[in-house]
Amino acid sequence: EAQVTQNPRYLITVTGKKLTVTCSQNMNHEYMSWYRQDPGLGLRQIYYSMNVEVTDKGDVPEGYKVSRKEKRNFPLILESPSPNQTSLYFCASKWGQGGVNSPLHFGNGTRLTVT
Amino acid sequence: GENVEQHPSTLSVQEGDSAVIKCTYSDSASNYFPWYKQELGKRPQLIIDIRSNVGEKKDQRIAVTLNKTAKHFSLHITETQPEDSAVYFCAAPRGDMRFGAGTRLTVKP
């Protein structure tokens, strides 16, 4: 089954403790992206990647890191989480590199709470 | 990225009425316009999209219209049902994918 898989689905952690949210897709998509969703603020893009070893900042990259060493994986890293990073996170992927538009496929989301 | 403005932010209709959500964009080179629906507690999912070579696309009770001259596109839902209650997002990407702020649609039975 074609899908985007995020793990974990729920995560509660403490301020300053490094964490990684994994994202994997099995559709051979070039483009992958991370979003955070807060009440009343819609989907805000954190980072995106047009292809392997190519990553770019979105609208809210501060406090996050990403890497794209393999086509299928795009982990989101919080080196020192803070309470303002408590949010619902979505990973997504789509076919095509820059300039080629196609539907975005979302993972099921990761609800992160930082205390 | 692309600046996309979406209106209204909330919309409440009676079951059976129509609902219209509008998005405007700034980049005249945009050529693909998707709409996503996000039900409570779930991931966004594509419900309809349109490319710039057509002005309208319809799928049962859902339609999207595009006005490239005015740089806006709209989602139309006819004969609304309670299960249409959700948050709807538009986008006007060029490679990158950023979204409008979302519209919370409530369909009252």
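Please refer to the structure placed before this passage.
So, a few notes on the structure that sits alongside this text.

Analysis parameters
Each chain carries its own residue numbering, running from 1 in the direction its sequence is written. Lettering of chains starts at A and numbering of ligands starts at 1, both following the order in which they are written. Totals for whole chains, interfaces and linings use every residue, but because this is a predicted model, local features are given only for residues with pLDDT of at least 70 and side-chain atom pairs only at 80 or more, for both listing and counting. Side-chain metrics rest on all non-hydrogen atoms present in the structure, leaving aside hydrogens and water. Residue contacts are defined here by distance: any two heavy atoms, one from each residue, within 4.5 Å place the two residues in contact. Here the buried area means the combined drop in accessible surface, using a 1.4 Å probe, for two parts upon being joined, counting both sides. Salt-bridge detection follows one rule: a side-chain nitrogen of Lys or Arg within 4 Å of a carboxyl oxygen of Asp or Glu. Any pair of nitrogen or oxygen atoms within 3.5 Å is treated as a polar contact; in protein, a donor-acceptor pairing is required on top of that, and neighbouring residues in sequence qualify only through side-chain atoms on both sides. Stacked, tilted and edge-to-face are the three classes applied to pairs of Phe, Tyr and Trp rings, where Trp contributes its six-membered ring and a pair requires centres within 6.5 Å; stacked means planes under 30 degrees apart, edge-to-face means over 60, and tilted covers the rest. Both a distance and an angle decide whether a charge sits over a ring: NZ of Lys or CZ of Arg must be within 6 Å of the ring centre and within 35 degrees of the ring normal. Using a grid of 1 Å spacing that covers the protein atoms alone, one calls a set of points a cavity when a 1.4 Å probe fits there but cannot get out, and a pocket when the set is open and has protein on both sides within 12 Å along at least five of seven lines; lining residues are those with an atom within 4 Å of a point. Grid points are joined across faces, edges and corners, and a volume is the space filled by probe spheres set on the points. Runs of E in the DSSP output that reach at least two residues are strands. Runs of H or I that reach at least four are helices, and both are numbered from the N terminus. Residue polarity is assigned by list, with Asp, Glu, Lys and Arg as charged and Ala, Val, Leu, Ile, Met, Phe, Trp, Tyr, Cys and Pro as nonpolar; anything else, Gly included, falls into the polar class. For the purposes of this analysis, a disulfide is any pair of cysteine sulfur atoms at a distance within 2.5 Å. Only protein chains enter the area calculation, which uses a 1.4 Å probe; residues under 20% of their type maximum are buried, those over 50% are exposed, and those in between are partly exposed. For two strands to be treated as a pair, DSSP must find at least two bridges joining them.

**Notes on the interface of chain B and chain A**
Across the contact, 19 residues belong to chain B and 22 residues belong to chain A. Taking both partners together, chain B and chain A bury about 1,700 Å²; carbon and sulfur atoms supply 51% of that area. At the junction of chain B with chain A, the criterion picks out one salt bridge. At the boundary of chain B with chain A, the tally comes to six residue pairs in polar contact (both at pLDDT 80 or more).

**Concerning the packing of aromatic side chains**
Going through the model one piece at a time under the given rule, you end up with 13 aromatic pairs over all chains. Chaining the aromatic ring pairs together yields one cluster made of A:Tyr35, A:Phe90, A:Phe106, B:Tyr36, B:Phe89 and B:Phe99. Sitting over the ring of A:Tyr31, A:Lys94 keeps its end group 4.7 Å from the ring centre.

**A few points about the layout of surface pockets**
By volume, the largest pocket is sized at about 580 Å³. Taken together, 26 residues make up the lining of the largest pocket; nearest its centre are A:Gln37, A:Pro39, A:Gly40, B:Val87 and B:Arg104. Those elements that place two or more of their residues in the lining of the largest pocket are β9 (87–94) of chain A together with β9 (86–90) and β10 (103–108) of chain B. In terms of residues, the lining of the largest pocket owes the most to one element, β9(B), which gives three residues. Taken together, the residues of the lining of the largest pocket sort by class into eight nonpolar, 13 polar and five charged. Roughly 210 Å³ of internal volume is contained in the second largest pocket. Contributing to the lining of the second largest pocket are 13 residues, with A:Ala2, A:His105, A:Phe106, B:Arg43 and B:Gln45 lying nearest its centre.

**Things to note about the state of the cysteines**
As enumerated under the stated definition, the model contains two disulfides over all chains in all. The side chain of A:Cys23 participates in a disulfide bridge whose partner is A:Cys91; the two sulfur atoms lie 1.8 Å from each other. Disulfide A:Cys23 to A:Cys91: torsion about the S-S bond roughly -75 degrees, handedness left-handed. Of this pair, A:Cys23 sits in strand β3 (residues 19–25) while A:Cys91 is found in strand β9, placing the two residues 68 residues apart along the sequence. Here the two residues A:Cys23 and A:Cys91 agree in accessibility, since each one is buried. Two residues, B:Cys23 and B:Cys90, share a disulfide whose sulfurs are 1.8 Å apart. Measuring handedness by torsion sign, the sulfur bridge of B:Cys23 and B:Cys90 sits at about -95 degrees and is left-handed. Here the residue B:Cys23 occupies a position in strand β3 (residues 19–25), and B:Cys90 occupies one in strand β9, the gap between them amounting to 67 residues. On the basis of relative accessibility, which here comes to 0%, the residue B:Cys23 falls in the buried class.

**Structural notes on the pairing of strand β5 (residues 43–51) of chain A**
All names here are of chain A. With eight of nine residues buried, β5 is to be regarded as a mostly interior element. In textbook terms, the turn of a hairpin is the stretch between consecutive antiparallel strands, and for strand β4 (residues 31–37) and β5 this stretch comprises five residues, one of which, Gly40, has a positive phi near 80 degrees. Bridge count for β5 against strand β6 (residues 54–57) is three bridges, and the pairing is antiparallel. When the bridges of β6 are listed, Tyr48 appears paired with Asp56. The antiparallel pairing of β5 with β6 creates a hairpin that spans two residues between the two strands, and Glu53 there sits at a positive phi of about 65 degrees.

None of this, on its own, says anything about what the molecule does.
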